[in-house]
Amino acid sequence: MIALTGKNQSYVLVLYGLCFPLIHVAHAQFILKMAAVQGGMGDADIKTDIKTEPSADGFGNNNANDGRVLSASPGSSSSTGSNKQTAAVTPEDQQTLLAVLQFLKKNKLSESVEILRREAGLPENSLDPKANESAGAGSGGAAGIVDLEGGDASSLLSRVTGSSSAGAQAPTKGTVQSGCCPAVAEDQPDVSVVLSAYSQQGDPTLYKVYYRDLKKFIETVLDCHRAELSQVFYPLFVHMYLELVYNNHESEAKAFFEKFSGDQECYYEEDLRILSGLTKKEHMRGNETLLDFRTSKFVLRISRDSYQLLKRHLQERQNNQIWNIIQEHLYIDIFDGMPRSKSQIDAMSGSLAGEAKREANKTKVYYGLLKEPEIELPLDDEDEEAENEEGKPKKKKPKKDSVGSKSKKQDPNAPSQNRIPLPELKDSDKLDKIMYMKEATKRIRLGPDNLPSVCFYTFLNAYQGLTAVDLTDDSSLIAGGFADSTVRVWSVTPKKLRKVKSAADLNLIDKESDDVLERIMDEKTASESKIMYGHSGPVYGISFSPDRNYLLSSSEDGTVRLWSLLTFTCLVAYKGHNYPVWDTQFSPYGYYFVSGGHDRVARLWATDHYQPLRIFSGHLADITCTRFHPNSNYVATGSSDRTIRLWDVLSGNCVRIFTGHKGPIHSLAFSPNGKFLASGATDGRVLLWDIGHGLMVGELKGHTDTIYSLRFSRDGEILASGSMDNTVRLWDAMKAFDDLETDDFTAATGHIHLQDNSQELLLGTYTTKSTPVIHLHFTRRNLLLAAGAFNP
Amino acid sequence: MTERRFAEVSRESVRLMAEGAGVELGDDVAALLAEDVCYRLREATQSSSQFMRHAKRRKLTVEDFNRALRWSNVEAICGYGAQDALPFRSVKEGELFFVEDRDVNLVELALATNIPKGCAETMVRVNVSYLDGKGNLEPQGTVPTAVQSLSDDLLKYYQQITRAILGEDPHLMKVALLDLQSNSKIAALLPYFVYVISGVKSVSHDLEQLNRLMHMVKSLVQNPYLYLGSYVRSLVSSVMYCILEPLAASINPLNDHWTLRDYAALLLSHIFWTHGDLVSGLYHQILLSLQKVLSDPVRPLCSHYGAVVGLHALGWKAVERVLFPHLPAYWANLQAVLDDYSVSNAQVKADGHKVYGAILVAVERLLKMKALSLSQSAEGQSGAHPGSVVGAVSYRVNSPGLSPPPEPLSEAALGIASHLQVGGAGCHWEEWTPVPLPAMYCELYSFFGDSLAVRFSTGTGFGTHSPCTPSQLGDSRKEPPGPASNLDTTRKMPQLTANLNISPRQDGSPRTDPPPPSLSGPGSRSRSSSSCSRQRSAGLSREVFPKARFTSPQTTPPAFSFLIGGRQMGQRCQGRRPFQTMFATTPPVSAIPPRTYAHKLPVIGRVGKPVRRWTCSHYSLHLPL
């Protein structure tokens, strides 16, 4: 089915599962964007959803739904999407159109074919067999808006020769994101097409020679270039190996692998292991990792000098095999200036698709905090010690009223207050804010000499497997997600959990009474914990709403569920992911939440919409963790492709890509001031990122196993990390960030110099009793709470 | 390639499998398949590891693998989900390897009586791990079943305490016990102490050690800082051992194992009332095991005695529930023993008398309490303030000195207690309908005759007892839940009283009996233990049960001073004499002097939960024994 809209000369092509009726076209499920033609759309958005089935899928970012919820979006998105190239149907577009026509024809949608052809002004014979060829290639690309620069494989615009244009070209075309995350292969696209690029034949026995030749060359170049050029090894190695496999040279492939796999950087070990298992062409189909590798361009940053060296060498040697691979599968981001050192390169590499292009991190990010609404703080100085639930700040230090004053002036880096519509504060929220401020005045100021006390919440007898934990902001409730599909909530204060009375009983209540909120609760149901059933698979992610009335849980069963903490029942099951949902989190202002999972997309939802408002697509592998920025305008996602992306909630664009982790990322935390991001991965390292500059600013080494939890203290002085290695470590975040002086050069080039000061920053290591730490939380008074299941 | 990077399925295996499924495979096909199988396996393993990572585990489970299979549209493999490792065995002849898959007898499984206990409830416990960033060296709260490494200090403490308690020096023992019940930092040692206590079985020949271990239990139970958790079960089983088992020590009639049983019974009820909520169904289980012993005629009489005092200690409802229905059957056996006047039977008969006495006391209280509960429910009690007014009334109405005022009320009126009992005993346990009081009385009367009647009626007013009331009251209040002191000071009274007073005037005027004797007991007994045991060995007592009841009382209504004197004696309990002998001599007293416990009061006071308070009072209820 196809819908064509004529406005702006743009062609919105909507491909549905064939089951979807035409009427619903307006609710586009799959927006297959035609190159960059469409006006009013940041073409970086990728609308397709990788593996999800075509039906029941969510909206694209720009569908009609947006306007309703994120009212700000249409206007601004049209500005961001003000593309230079508009109406003209470029050759590439034509290719793509042909591909689409091809597809439609194959599916016997002749009427639609007609319409499209008429609208696009394509000649009748455009679908002749000859065209098919290129259309085929194009459709492979079109599936994910692959390659804006070259519509088909055969006419690859050499990035190399166009090196100078690489910088210039990308921004104009807005390929920031699409260039490096094009791989959105729709529902098993034409794998054969994707892989077919490997079909170019070369003498298999020569591969070794080529590679060895290059290796020899790189080993002999000047030291300063060697490190840079060595980056080429890994992608080349992989692509050559795959080419051999694809062309059925099994034994040669094995020999090639044996010979050169040892040369690769150790942090690619995991990928190499997967590769080595793959020795047959047949296996390449359906192997996701491969598709990723194949369809995405591996990004390298190389200085101009080094690059020229390489180019000259390859041209001299007539080494076309390698040259082709470089042209086709690598994106070389050339910069002017000094070549980078080995350590600089190592710090940034390790992800599945190389580094981020510099352009990817250039967008302005409004990382400042929103202005807090002014709430009259009743000044009763009698310290009611009544609400002393969270423990006892023994040393109360009289603190300057930083909380109050901070909110007065507008942060220049903050987004405008209504950049995205936020829910209005309810009375209860205001009360909670007041509570928060009161607590905040009793907060302990932490520092290297004043470390927080640690309380550990141990889940005992959790034989079914504890998979996720969350605590409310006021630390009054703790929730656990379990592998047996249950969600359990405990009250950690003496206040028991109560359900609301039944409807019949509610009728009997005096609604005018002051304590009506108390009266609606059914005292008979009071208990310390409640169990909620509904999921049909392990619950991997869990998150309380800021107002403590709701709980979100995401599960292996592909759903995200919203639970009411008043009735302890499930309110909504948000379906859309259809594959395991690894994580979910509420926005700090409530209402919105984000989820991410095995289908490699993150989705932004609003609790009152059963379909997502945004789909953030671009990661090359599972999204393992999702976090909201404190100002709720951005979402960070960590993935097993070993990158972290920051997405703009308003436009749906990817605004930052952080590479440097050497393993799947399992935890993220924003600093309370919104300026920094910390990430922890299976490699046991915590990396610190400066969001504004898009740079890595620190590396914290010490953990020996996956870091499942990260949290900044309330004032951001201390970063706590909890790991599978049964320890909680505290880091001096203040010092890590204070020492930064980001000069213009670094900011411009993205070349970072990290000093190895993990040991100085490490303030403490606290071990548990055989209990992996899977959640950390600072109470409002800066008492550190940790949680995990005792694991005898 | 020389080196194998992966586990591989050989082509022979593939061919064998194919043959098993009835397909002939060519070599090349098998080779291809084998390779493909290997690849698919690797792929599935890789994706299953993802599930493991997200479940925050280090161990890849069958479940993870099955999830990976399911998500790649492959049928999951069932039958390998067991927690324990599956043995992989080989057949000697022929290179065949297989996973052992034993047949499970479904019938057996379905009819199995040892239903596996469900695992404990998932819960969250919090502990302060690090204060101000500094390690909190003393472990706070324990993780059940966690093996903790003990700090040197704790280890030393443990050694000292156990040595002191099990050692020779009584003074040291007291100090140790005191510390044990007030020390707040010994949570980590709890498993060790429980383990020591579970050693009762190995010292069943040594009454002294058994006693000490029971005291240790008491101290642990009383320690307000200890969370006993599932260790309650272990403690209860140790205590039950002392109550019910025919201890090796009881072979020698000189050994006073009766006292131990009484003490343990009190301890049992104390544990139950204070910590019973930690283990679900504990009450039920205790009742069941007591019932089992009681209904087993092969068991020696001392075991039966233990069962009866145990039931008595658990409250009159337990008696009504278990003992009363069993009485007719049991009575026949007991009667046979008591009616056998042969010399060879003397020892057994003496034991029989003990059981008889214990039953009598138990049913007597049953009748009283039942009557009281009926009358109270009839009165539609004022409820709110049970202690004062109604208490006094009930006190009058009931036997004097036997039960301190708060007790009956608490049982009847305090929600928690009665709820506990009802909930625990549950009517669904066994068909059981409460017998109406008159019927019950009639039945009991048919067994006990006048002795019951006399006792039952004793309660109604007498002028004499008024002085004793306060003391009794004070007594019971002051008494901490320490069963020992309760037991020792007050336990023996009733029997004496009853017998004493009845004997002279058989017509049983109620006036005669009450409080004075209750006081006399300790005083007279306190004289000496040795004389007592001599007496006993002389076998004087063994004569005739009925006769004994009418022997003239030696102890006439004594005065308070005796009581006090008795307490100050501070001698350890020498045990309880068979009541028929008591008349002949002054019974010995026992008793850890109450004052040792007096200063524990603040601790107990602080705990101050209704249950606890109730328990205290409940204790005094046992004094009649």
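Cut-offs used in this document
Residues numbered from 1 in each chain as written. Chains lettered and ligands numbered in written order. Predicted model: local features only at pLDDT ≥ 70, side-chain atom pairs only at ≥ 80, totals over all residues. Heavy atoms only, no water. Helix = DSSP H or I, 4+ residues; strand = E, 2+ residues; numbered from the N terminus. Buried < 20%, exposed > 50% of the residue type's maximum accessible area, 1.4 Å probe, protein only. Contact = heavy atoms within 4.5 Å. Pairing = 2+ DSSP bridges. UniProt positions renumbered as here; feature names shortened; annotations may be inferred. Buried area = accessible area lost by both parts, 1.4 Å probe. Salt bridge = Lys/Arg side-chain N within 4 Å of Asp/Glu carboxyl O. Polar contact = N/O pair within 3.5 Å; in protein donor to acceptor, adjacent residues only side chain to side chain. Arc of directions from axis to C-beta.

The next point concerns the overall build of chain B. Secondary structure summary: chain B contains 30 helices and 4 strands in total. Buried residues in chain B amount to 52% of all 625 residues. Across chain B, contacts joining residues at least 24 apart in sequence account for 75% of those joining residues at least 6 apart.

Residue and element names in this part refer to chain A. The buried fraction of strand β20 (residues 623-628) amounts to 5 of the 6 residues, a majority that puts the element mostly inside the structure. As paired strands, β20 and strand β21 (residues 634-639) are joined by 5 bridges and run antiparallel to one another. When the sheet's bridge partners are listed, I623 is paired in β21 with S639. Connecting β20 to the antiparallel partner β21 that follows it, the hairpin turn spans 5 residues, and S632 within it adopts a positive phi of roughly 70 degrees.

Before going further, it helps to examine the UniProt feature "repeat: WD" (unreviewed entry) in chain A. Residues and elements named next belong to chain A. Mapped onto this numbering, the UniProt entry annotates "repeat: WD" (unreviewed entry) at residues 459-500, 532-565, 574-605, 616-657, 658-691 and 700-732. Overall, residues 532-565 shows 0% helix and 56% strand. The separation of its end C-alpha atoms is 10 Å. Taken as a whole, residues 658-691 contains 0% helix and 59% strand, while its terminal C-alpha atoms sit 9 Å from one another.

On to the interface of chain B and chain A. With 44 residues of chain B at the interface, the matching set in chain A holds 64 residues. Of the roughly 4700 Å² buried at the junction of chain B and chain A (both faces included), carbon and sulfur atoms supply 54%. Our enumeration of links across chain B and chain A arrives at 3 salt bridges. Linking E556 of chain A and R67 of chain B is a salt bridge whose minimum nitrogen-to-oxygen distance equals 3.2 Å. Our count for the contact surface shared by chain B and chain A stands at 17 residue pairs in polar contact (both at pLDDT 80 or more). At the level of elements, α2 (27-54), α3 (62-71) and β3 (123-131) of chain B are the ones that each hand at least two residues to the side of chain B that touches chain A. Looking at the side of chain B that touches chain A, the element that brings in the most residues is α2 of chain B, giving 12 residues.

This next bit is on helix α7 (residues 190-197) of chain B. Side chains that are three or four residues apart share a direction in an α-helix, a result of its 3.6 residues per turn. All names here are of chain B. L190, F193, V194, V196 and I197 are the residues of α7 that are buried. Projected down its long axis, α7 carries its buried residues within an arc of 160 degrees, all on one side. Elements in contact with the buried residues of α7: α5 (152-166), α6 (170-180), α8 (207-222) and α9 (231-244).

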